Amino acid sequence: MTAHHASLARIRLNLRHRGVHRDLRDATEMHRTLMRLVPDGLGDSPRLRSGLLYRLDVTEHATTLLVQAAAPLTPENLPAGYGETDVKDLSPMFAALRPGLGVRYRITVNPAKRERLPLTQKNKRGSVVPLTGPEADQWWVRRAADAGLQLKSLLPAPQDPARGHGKHNPPLRHSLIRYDGTATVTDADALSTALLAGIGRGKPYGAGLLTLAPASAQ
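Structure report, in brief. Predicted model only: the values in this text are computed from it and were never measured.

## Description of the overall build of the protein chain
- What the protein chain contains, in helices and strands, is 6 helices and 13 strands.
- Sorting the 218 residues of the protein chain into buried and exposed places 43% on the buried side.
- Here the analysis covers contacts within the protein chain between residues at least 6 apart in sequence; of these, 72% occur between residues at least 24 apart.
- A total of about 12,400 Å² of accessible surface is found on the protein chain, and carbon and sulfur atoms cover 51% of it.

If you want it as structure tokens, here you go:
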């Protein structure tokens, strides 16, 4: 299997920081702040080139951003006081992936499908429709299988939609669902590719980052 390199930063957000408040209200601003973590000069598609993905995890005790990238991460480029950050190398995780391995997973996704239009409008593209309920669950089961994971369990938790604001742009609104559960690895190469590239739409707005832990870990 090819060696894969990526890093994961955990940023425990300082909820008293003005910049954190702004970014939690506006996914466009959050994306802009997090792009400070990766090198400059990555061309026209810096998020894609750096492989930057992120997810917001909220518990009773903390609000944490997980940020993954294939490019080097430099937390010192975040605004002063933004949060406490630690960074770990994910290479050992990639090296451990093998068919039959049991894992626990977490992912926030933007399940959606493109509307099918009548034949009279064959040259037009249908709008993208968000999926909810069993349709969203089925979407995730299919995407997981494509990504080399056979799901054993899934627990959906609808999240606050990602919202963006811009003076000249219509407000963004991405429907988000977090899934937690257990799975078995069926294809380590496909899974490595999905881990690095992210899954589904809405990656600049906090969707698509899949994280794994050993199934035996609590």
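Moving on from the coordinates now.
## Structural notes on the environment of histidine 21
- Note on placement: histidine 21 falls in helix 1 (residues 18–25).
- Under the relative-accessibility criterion, histidine 21 is labelled partly exposed at 42%.
- At 2.6 Å, the side chain of histidine 21 and the backbone oxygen of leucine 15 are in polar contact.

## A short note on the pairing of strand 12 (residues 177–185)
- In terms of burial, strand 12 is largely enclosed, as 8 of its 9 residues are buried.
- The sheet contact formed by strand 5 (residues 102–109) and strand 12 spans 8 bridges and is antiparallel. Bridge pairing in strand 12 places arginine 104 opposite threonine 182.
- Direction of pairing for strand 8 (residues 149–151) relative to strand 12: antiparallel, over a ladder of 3 bridges.

## Observations concerning a positive patch on the surface
- The grouping of Arg114, Arg142, Arg143 and Arg201 at the surface amounts to a positive patch.
- On the secondary structure map, arginine 142 appears in helix 5 (residues 133–146).

## Quick look at the packing of aromatic side chains
- Within this structure, the stated rule accounts for 2 aromatic pairs.
- Both rings, one in tyrosine 105 and one in tryptophan 140, keep their centres 5.6 Å apart while their planes meet at 55 degrees; by these two values the pair is tilted. Here tyrosine 105, found in strand 5, pairs with tryptophan 140, found in helix 5; they are 35 residues apart in sequence, far enough to count as distant.
- Using a relative accessible area of 3% as the deciding quantity, one classes tyrosine 105 as buried.
- Relative accessible area serves as the criterion here: at 0%, tryptophan 140 is assigned to the buried category.

Rules behind the numbers
Residues numbered from 1 in each chain as written. Predicted model: local features only at pLDDT ≥ 70, side-chain atom pairs only at ≥ 80, totals over all residues. Heavy atoms only, no water. Helix = DSSP H or I, 4+ residues; strand = E, 2+ residues; numbered from the N terminus. Buried < 20%, exposed > 50% of the residue type's maximum accessible area, 1.4 Å probe, protein only. Contact = heavy atoms within 4.5 Å. Areas by Shrake-Rupley, 256 points an atom, 1.4 Å probe, with all protein chains shown as cover. Polar contact = N/O pair within 3.5 Å; in protein donor to acceptor, adjacent residues only side chain to side chain. Pairing = 2+ DSSP bridges. Patch = residues over 30% accessible without salt bridge, like charges linked within 9 Å, V, L, I, M, F, W, Y side chains within 5 Å. Salt bridge = Lys/Arg side-chain N within 4 Å of Asp/Glu carboxyl O. Lys, Arg positive; Asp, Glu negative; His and termini not counted. Charge placed at Lys NZ, Arg CZ, Asp CG, Glu CD. Phe/Tyr/Trp six-rings, centres within 6.5 Å; stacked < 30°, edge-to-face > 60°.

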